[in-house]
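Structure at a glance
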Amino acid sequence: MPMTPQSAADARPYDALLLYSFGGPNKPEDVVPFLRNVTAGKGIPDSRLEEVGEHYYAFGGKSPINEQNLALKAAIEAELAERGIDLPVVWGNRNWEPYTDDAIDELERLGAKRAVALVTSAYSSYSGCRQYREDLAVVLDKRGQLGPDGSTGVQFDKIRSYFNHPGFVQANVEAVLDAYRELEAKGGSPAHARLVFVTHSIPTTMEEASGVGHATYSEQHLDVAAVVAEAIAERRGHPVQWELAYCSRSGPPSQPWLEPDVNDLLEQRAAEGLRNVVLSPIGFVSDHMEVAYDLDTEAMETAANLGMTAVRAGTVGTRPEFVRGLVDLLLERAALARGESVEEATVGSLPAFPSVTPPDCCLRRHGEPSGIPALCSEDMHR
Ligand SMILES: CC1=C(CCC(=O)O)c2cc3nc(cc4[nH]c(cc5[nH]c(cc1n2)c(C)c5CCC(=O)O)c(CCC(=O)O)c4C)C(CCC(=O)O)=C3C
Ligand SMILES: [Fe+2]
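Residues numbered from 1 in each chain as written. Chains lettered and ligands numbered in written order. Predicted model: local features only at pLDDT ≥ 70, side-chain atom pairs only at ≥ 80, totals over all residues.

The cut-off we apply is this: UniProt positions are given in the numbering used here, feature names are shortened, and annotations may be inferred rather than shown by experiment.
The protein carries the name Coproporphyrin III ferrochelatase in an unreviewed UniProt entry, which gives Isoptericola variabilis as its organism. What the UniProt record of the protein gives under Pathway (unreviewed entry) is the line "Porphyrin-containing compound metabolism; protoheme biosynthesis." Recorded in UniProt under Sequence similarities (unreviewed entry), the annotation for the protein is "Belongs to the ferrochelatase family."

Here it is, written out as structure tokens:
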């Protein structure tokens, strides 16, 4: 796609970008209300909530996620300016300030009629896709701005799940290469290291439901992992053994979630004689709390106790490959909205995911419609 200043108008028909994220607490008093927002009606045991609360308190009650989203917003704004695209970026979160409702207020203040949402989850599942679309619908409904006949409110489209977009994948490759250098500097042995990709675990029921009309959540990760590992082997000039592990499990013990847990995997591999590990958190886009606690605190401690030399690769954060990719995705979505045919860039073996999803895409579990409409779906005519 040519990135000349002439393409400056090509964000049309959009007049704003909504950077839509999870949110997190900024101070100790925020922690409990934040956790209540996250877990409303999700059956997370109190014991788990107290445990997660402690993770936040251990970091002064402040999650890094909000500052990371502000940094990403600034990086996107800089990239838009660089390309001569005049499009305001508004930030909002599902679970903390600025809330979805605040973001829509802001969009209205800016006079936006049609916005495109960029969700800070790269992969498709209920948690990374539909839940965001449902929350938008719920908030619009509360505002009296949701209806099959169109509405007076802001119209939303969504940028497709971008786990297999070249920008996201290349940024991960660079981050993993940096980690290999760090392993070497720590006296480790990169050629013998296992590359362990890590993502957020989800219930197996959510995993199954994530595969309607496209590859499932775990299949999406396996595809990205294979591409990244191959690129690392090529760039470093030695074979790379890799596998996928999960972190941040919650829910009752009786409910199966995706495994292996990263800590269990490290124990097993250490017992088999593995000594060098590179952890690559491909499931997360920034070094937020799940990375800071579950990986940097817990998994790194597990590795140290096992006598392993381990490093954790960075997340894509504001890496230039990622930020440029996001703006490419925005322009691609805009061209689709204008009815133009565009090449939807991907890497790996999976096709580009739909930006207008099938009605039953990414339910929490199969055959269990949430009863809540979800925006950016084929059955939502707005
Ligand atoms: C797939 C996925 C992502 C990755 C995609 C993405 O990056 O968006 C993600 C991200 C995040 N998850 C986060 C925090 C939490 N997630 C929870 C709970 C849950 N997450 C789930 C899934 C995911 N979550 C699931 C299936 C649950 C169980 C409840 C339910 O079915 O919905 C809970 C409740 C307590 C607990 O169970 O841990 C908390 C506090 C934060 C903020 C971190 C910060 O503050 O820096 C972020 C970015
Ligand atoms: Fe989560």
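1. Comments concerning the environment of D360
Cut-off, in case you're wondering: Secondary structure elements follow DSSP: runs of H or I of four or more residues count as helices, runs of E of two or more count as strands, with numbering from the N terminus. Backbone-placed C-beta atoms define the burial measure: a residue is buried with 20 or more other C-beta atoms within 10 Å of its own, exposed with 12 or fewer, and partly exposed in between.
Along the polypeptide, D360 turns up in the segment after helix 11 (320-337). Exposure remark for D360: the 16 C-beta atoms within 10 Å place this residue in the partly exposed category. C-alpha separation for the pair D360 and R235, spaced 125 residues apart in sequence, amounts to 41 Å.

2. What to know about the domain arrangement of the protein
The test is simple: Per the annotation, domain bounds derive from an automatic or database assignment of domains. Contacts here follow a simple rule: the backbone-placed C-beta atoms of the two residues must lie within 7 Å. Classification convention: Asp, Glu, Lys, Arg as charged; Ala, Val, Leu, Ile, Met, Phe, Trp, Tyr, Cys, Pro as nonpolar; all other residues, Gly among them, as polar.
Per the domain assignment, the segments making up the protein are domain 1 (5-162 + 319-337) and domain 2 (166-312). With 26 residues of domain 1 at the contact, the number on the domain 2 side is 26 residues. The element contributing the most residues to the side of domain 1 that touches domain 2 is helix 11, with six residues. When the residues that make up the side of domain 1 that touches domain 2 are grouped by side-chain class, the tally is 12 nonpolar, nine polar and five charged.

3. Quick word on the sheet that holds strand 3 (residues 114-119)
Stated formally: Strand pairing requires that DSSP identify at least two bridges connecting the strands. Helix axes use the C-alpha atoms of the stretch in contact, all axes being lines fitted to C-alpha atoms, and the angles between their N-to-C directions lie in the range 0 to 180 degrees.
Here we have four strands laid out as an open sheet, ordered 2-1-3-4, and parallel in their pairing. Two strands in the sheet have a free side with no partner beyond their single neighbour: strand 2 (89-93) and strand 4 (155-158). Between one strand and the next, the sheet's axes are offset by a mean angle of 30 degrees, whatever the strand orientation. Helix 4 (residues 100-109) rests against strand 1 (16-21), strand 2 and strand 3 of the sheet, and its axis sits at about 160 degrees to strand 2.

4. Side note on the site of ligand 1
Rules: The criterion for a residue being near a molecule or strand is simple: its C-beta atom, placed using the backbone, must lie within 6 Å of it.
Not every one of the 27 residues close to ligand 1 is listed here, only the nearest: G24, S63, S250, H288 and M289. Of all the elements, helix 1 (residues 28-39) adds the most residues to the shell around ligand 1, at three residues. Of the residues contributing to the shell around ligand 1, the split by class is 10 nonpolar, 14 polar and three charged. Both domains that meet at the shell around ligand 1, namely domain 1 (5-162 + 319-337) and domain 2 (166-312), each give it at least three residues.

5. Brief notes about the UniProt feature "binding site: Fe(2+)" (unreviewed entry) in the protein
Under the present numbering, the feature "binding site: Fe(2+)" (unreviewed entry) in UniProt falls on H200 and E290. The annotated residues occupy 91 residues of the chain but converge on a single region, no pair of C-alpha atoms lying more than 8.2 Å apart. With respect to the helices and strands, H200 occurs in strand 5 (residues 194-200). Judged by C-beta crowding, with 24 C-beta atoms within 10 Å, H200 ranks as buried. Here H200 is in contact with C247, S248, G283 and E290, once residues within four sequence places are set aside. On the secondary structure map, E290 appears in helix 10 (residues 289-305).

6. A short note on helix 3 (residues 65-82)
As a reminder of what qualifies: A helix is expected to span 1.5 Å for every residue after the first. What the arc covers is the set of directions going from the helix axis to the C-beta atoms.
The end-to-end C-alpha distance of helix 3 is 25 Å, a good match for the 26 Å that 18 residues give at a rise of 1.5 Å each. Those residues of helix 3 that fall on the buried side of the exposure criterion are I65, N66, Q68, N69, L72, I76 and L80. Down the axis of helix 3, the smallest arc covering the buried residues is 155 degrees, so these residues share one side. Facing away from the buried side of helix 3 by over 90 degrees, the exposed positions are L70 and A81. Immediately downstream of helix 3, the backbone of G84 shows phi near 75 degrees, a positive value.

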